[in-house]
Each structure stands twice: as structure tokens, then as C-alpha cells.
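The primary structure of each chain is shown beneath.
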Amino acid sequence: MSGDEDAPKPDEDAGFRSQLIEIIPALRAFARGLCGNRDLADDLVQDAMMRAWAARDSYAPGTRFRAWMFMILRNHYYTTLRKSARLVSWDPEVAERILVAGPTQQDGLNVQDVQAALLKLPAEQREVLLLIGANGVSYEEAAEIMGCAIGTIKSRLARGRAALLVLVEGPSEEMEAAKPASPRKGEPVTTAK
Amino acid sequence: MQVWPVSIGMRQRAVAAPQDRTKVTILHKSDIVAKAVSVTAGESVAMPSAKRPGRRDEKTAGAARLPDDPVGAALRRLHDEVVAEPIPDEFLKLLAEIEQRIEKQTDQE
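Residue positions are counted from 1 within each chain, in the order its sequence is given. Lettering of chains starts at A and numbering of ligands starts at 1, both following the order in which they are written. Residues qualify for local features only when their pLDDT is at least 70, as the model is predicted, and side-chain atom pairs are given and counted only at 80 or more; totals for whole chains, interfaces and linings, by contrast, use all residues. Side-chain metrics in this entry use all non-hydrogen atoms of the structure; hydrogen atoms and water are not considered.

Enquirer: I'd like to hear about the overall build of chain B, residue by residue, with values.
Expert: Helix and strand labels come from DSSP, where a helix needs a run of H or I of at least four residues and a strand needs a run of E of at least two; each type is numbered from the N terminus. Within chain B, the secondary structure is distributed over four helices and zero strands. Listing the helices and strands of chain B from first to last along the sequence gives α-α-α-α. Burial here depends on accessible area, computed with a 1.4 Å probe over protein chains only, as a share of the maximum for the residue type. Under 20% is buried, over 50% is exposed, and the range in between is partly exposed. Split into buried and exposed, the 109 residues of chain B put 21% on the buried side. As displayed, chain B offers around 8000 Å² of accessible surface, 61% of which is attributable to carbon and sulfur atoms. For every accessible area listed, the method is Shrake-Rupley and the probe measures 1.4 Å; residues are considered covered only by the protein chains on display.

Okay, here's the thing in C-alpha cells:
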């Protein structure tokens, strides 16, 4: 208890706490997009907040709190993903139902369709779409959060966007023309069952 | 034949030019690398400024969010819907717990 490290720092902690409060909505949105389930997402965020609080001494003040926090949430998501089967198998049939049943909006893509399609993408594409496309994080910050190069971020983003569009809108005419013999996904599944 | 050395001196310059050019192309390769590096550096320098709230739309033009990009628009709506939700009670309880711990620390002092 003699060292400064052990001394209580109520002011710093209060500042940390208010930063945590501010970032809750963004964390919830990111987590919801990642796992597509409100309750699971909120659990993830609360766990991440607890972890962040426990590790608050390792946060360097003045650095990007958002990036640090997203990194904790993302790492926790992947840890949970490895451990828990319910997070791995998203119940694609439910996703399929949402995809078909979602009401079409006059303007742009249907949000539920996009969420369902997100869950079908590889996690690395999903998270980069969410961070940059939804959350408005820069390439640089996304690279920091995901621990990879900016070039990797850009290519994942491009591939993710293209794949998402195909999932929501179906393959484009060009793509159909490119491989006319191949049957569409889903069709063989329904006939097989 | 003995005249050659003189004219060679002249020619050498003419010949030297293409040699220089090859040298230039060799240099050029490293130029490209240097450029690529500076472009990447320029980007990473440019991005933080794009994070300012006022420039949000400007940044979208270069990234996933083209103004009329349907994917970017839908992702943003997805995000905004969650952000607009009131924060659930569990979070407030968690924060209250943290608050209590801070108060305890203050009492100890």
C-alpha cells in the first residue's frame, strides 16, 4: 500500500467511469452487429466493461479510449466465440427467414436483411464493416483495434461489402453471367431436405 | 580508325544518356516504393482529421460510406437504431457498482 500504484485514485477512476458511460451506446451497437442478438451483445458489453475497469491502470490516458475499449470488446467476443457454440452457430435458418420475411423498404437496403447477412460473413469481414461502415471508425483506428495493417482492413472491407450486397440483393447479373451453370445457394438445400 | 577516339568521346555522351535512363528507371522503382510509403503515411496522417465530427460525410466518400452506397447507409441505420435505444438497467447497475467502489476509495483517504 506504500507505492503510488496501489494508492486509490478516485478522480482518475471517476473520469474513467464517465468515459465508460459515454461509450456504452457505441459498444452495444458494435456487439449487436457482431452477434446479432440483443441479450448476448449486452452481456458481451458488460463483460468488456468489467474487464476494462479491472484493467484501467493499463489504459494510457490521452490515447484513444474508443479504440482501447473496442479492442477489449472484440477480444472478449472472439474468446467467447471460441468457447461457446451458441455464438458460433447463428442458426442460419433464422437468418434466412429474416432475410425473406423482412419488409422491403422504399429507401435502400432493409436493415434486418443487412444484419442477417452480416452474420453469414466471416467474422473478420463483419467486424470491419461494423467498425468502419457503421461506427465511423477510421481505417487507422480499425487497424489499431484489429491489430492488423491498414491494407488488410481495406481489402476486408471491400470483400465484406461485396459479399454483403450479394447476400442481400442476390448475385448481380454480371456474376450470374460469369457462372451460368452453377445453381444458386439455398435451392439445393431445400430440395435435399 | 584513329579518328574514333575523338568521336567516341562525343558518342559516349549520346550513349551515356540511355544508360542514365536505365539508371533512372532503377531509381524510379525505389521512387515508387518511397511514394507508396509516403502515400500510406499520408493516409494515416490524414485519417485522424477525418474523425472530426464535421468531416464525417467527407470521410464517407472515401471509405465504405459513399453518399449513395446502400451498404454503408444500411450499416449506419443499424448502428443508429441501437445507439438511439435507452441504456438498459443492467448497465446502470454495473456503473453504480463502479461508483460505489470509487466512493469507498474516497472514504479510505
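Enquirer: An account of the overall build of chain A is requested, with residue identities and associated values reported.
Expert: Across its full length, chain A carries eleven helices and zero strands. Its helices and strands in sequence order give chain A the pattern α-α-α-α-α-α-α-α-α-α-α, from N to C terminus. Out of the 193 residues belonging to chain A, those deemed buried represent 45%. Contacts are assigned to residue pairs with any non-hydrogen atoms lying within 4.5 Å of each other. Considering only residue pairs separated by 6 or more positions, chain A has 63% of its internal contacts joining residues 24 or more positions apart. A total of about 10200 Å² of accessible surface is found on chain A, and carbon and sulfur atoms cover 53% of it.

Enquirer: Could you give an account of the pattern of salt bridges, with specific residues and numbers?
Expert: Should the charged atoms of two oppositely charged side chains come close, the side chains can pair. Salt bridges are defined as contacts in which a side-chain nitrogen from Lys or Arg sits within 4 Å of a carboxyl oxygen from Asp or Glu. For the structure on display, the rule yields 13 salt bridges over all chains. Across the pair B:Glu85 and A:Arg38 runs a salt bridge whose closest N-O atoms are separated by 3.3 Å. Highlighted residues: B:Glu85 in the loop between helix H3 (70-84) and helix H4 (89-108) and A:Arg38 in helix H2 (residues 38-54), drawn from two different chains. Judged by relative accessible area, A:Arg38 falls into the partly exposed class, the value being 39%. A salt bridge links A:Arg156 to A:Glu124, with the shortest nitrogen-to-oxygen separation between them at 3.9 Å. Separated by 32 residues along the polypeptide, A:Arg156 in helix H9 (residues 150-169) and A:Glu124 in helix H7 (residues 123-134) bring together distant segments of the chain. Given the relative accessible area of 33%, A:Glu124 is considered partly exposed. Here the salt bridges share partners, and the residues they tie into one network are A:Arg28, A:Arg32, A:Arg38, A:Asp42 and B:Glu85.

Enquirer: An account of the interface of chain A and chain B is needed here, citing residue identities and associated values.
Expert: On the side of chain B, 41 residues touch chain A, which itself brings 49 residues to the contact. Across the chain A/chain B interface, buried area totals approximately 4000 Å², and carbon plus sulfur atoms make up 66% of it. Once two parts are brought into contact, the accessible area they lose, counted with a 1.4 Å probe and summed over both, makes up the buried area. Ranking the residues of chain A by area buried against chain B places A:Arg17, A:Val111 and A:Arg161 at the top, with a combined share of 14%. On inspection of chain A and its partner chain B, the count reaches five salt bridges. The closest approach of N and O atoms between A:Arg161 and B:Asp69, which form a salt bridge, is 3.2 Å. Here a polar contact means two N or O atoms within 3.5 Å. Within protein one must be a hydrogen donor candidate and the other an acceptor candidate, and residues neighboring in sequence count only if both atoms are side-chain atoms. In this assembly, chain A and chain B are joined by nine residue pairs in polar contact (both at pLDDT 80 or more).

Enquirer: Now, about the side chain of A:His76: what can you tell me, with residues and values included?
Expert: Residue and element names in this part refer to chain A. Structurally, the position occupied by His 76 is in helix H3 (residues 65-83). The class for His 76 is buried, based on a relative accessible area of 7%. Aside from chain neighbours lying at most four places away, what touches His 76 is Leu 44, Asp 47, Ala 48 and Arg 51.

Enquirer: Would you mind going over the nonpolar core in detail, with residue names and values included?
Expert: Residues belong to one nonpolar core when they are buried, are Ala, Val, Leu, Ile, Met, Phe, Trp, Tyr or Cys, and are joined through side-chain atoms within 4.5 Å. By size, the foremost hydrophobic cluster in this structure holds 62 residues, and its most contacted members are A:Met49, A:Met69 and A:Phe70. Residue contacts for A:Met49: discarding those within four places in its chain leaves A:Leu20, A:Ile24, A:Leu27, A:Met69, B:Phe91, B:Leu94 and B:Leu95.

Enquirer: Lay out the side chain of A:Arg126 with the relevant residues and their values.
Expert: All names here are of chain A. Here Arg 126 lies in helix H7. Positive charge is attributed to Lys and Arg, negative charge to Asp and Glu, and no charge count is given to His or to the chain ends. Here Arg 126 occupies a buried position and makes no salt bridge, while the nearest side chain of opposite charge, Glu 127, is found at 8.3 Å. Engagement of the side chain of Arg 126 in a polar contact is seen with the backbone oxygen of Leu 34, the distance being 3.0 Å.

Enquirer: So what's going on with the packing of helix H1 (residues 10-35) of chain A against H7(A)? Which residues, and what values?
Expert: Residues and elements named next belong to chain A. Axes, fitted as lines to C-alpha atoms, cover a helix only where it is in contact. Angles between the N-to-C directions of the axes lie from 0 to 180 degrees. Their axes nearest at 10 Å, the elements H1 and H7 cross at an angle of 150°. Relative to H7, H1 is oriented roughly antiparallel. For the pair H1 and H7, the crossing hand works out as right-handed. Residue-level contacts link Phe 30, Gly 33 and Leu 34 of H1 to Arg 126, Glu 127, Leu 130 and Leu 131 of H7. Any residue outside Ala, Val, Leu, Ile, Met, Phe, Trp, Tyr, Cys, Pro, Asp, Glu, Lys and Arg is labelled polar, Gly included; the first ten of those are nonpolar and the last four are charged. Here the residues of the contact of H1 with H7 are counted per class, giving four nonpolar, one polar and two charged. Any angle that is under 35 degrees is reported as roughly parallel, and any over 145 degrees as roughly antiparallel; angles of 65 to 115 degrees are reported as roughly perpendicular and all others as oblique. Rotating anticlockwise by less than a right angle from the far helix to the near helix defines a left-handed crossing, while the corresponding clockwise rotation defines a right-handed one.

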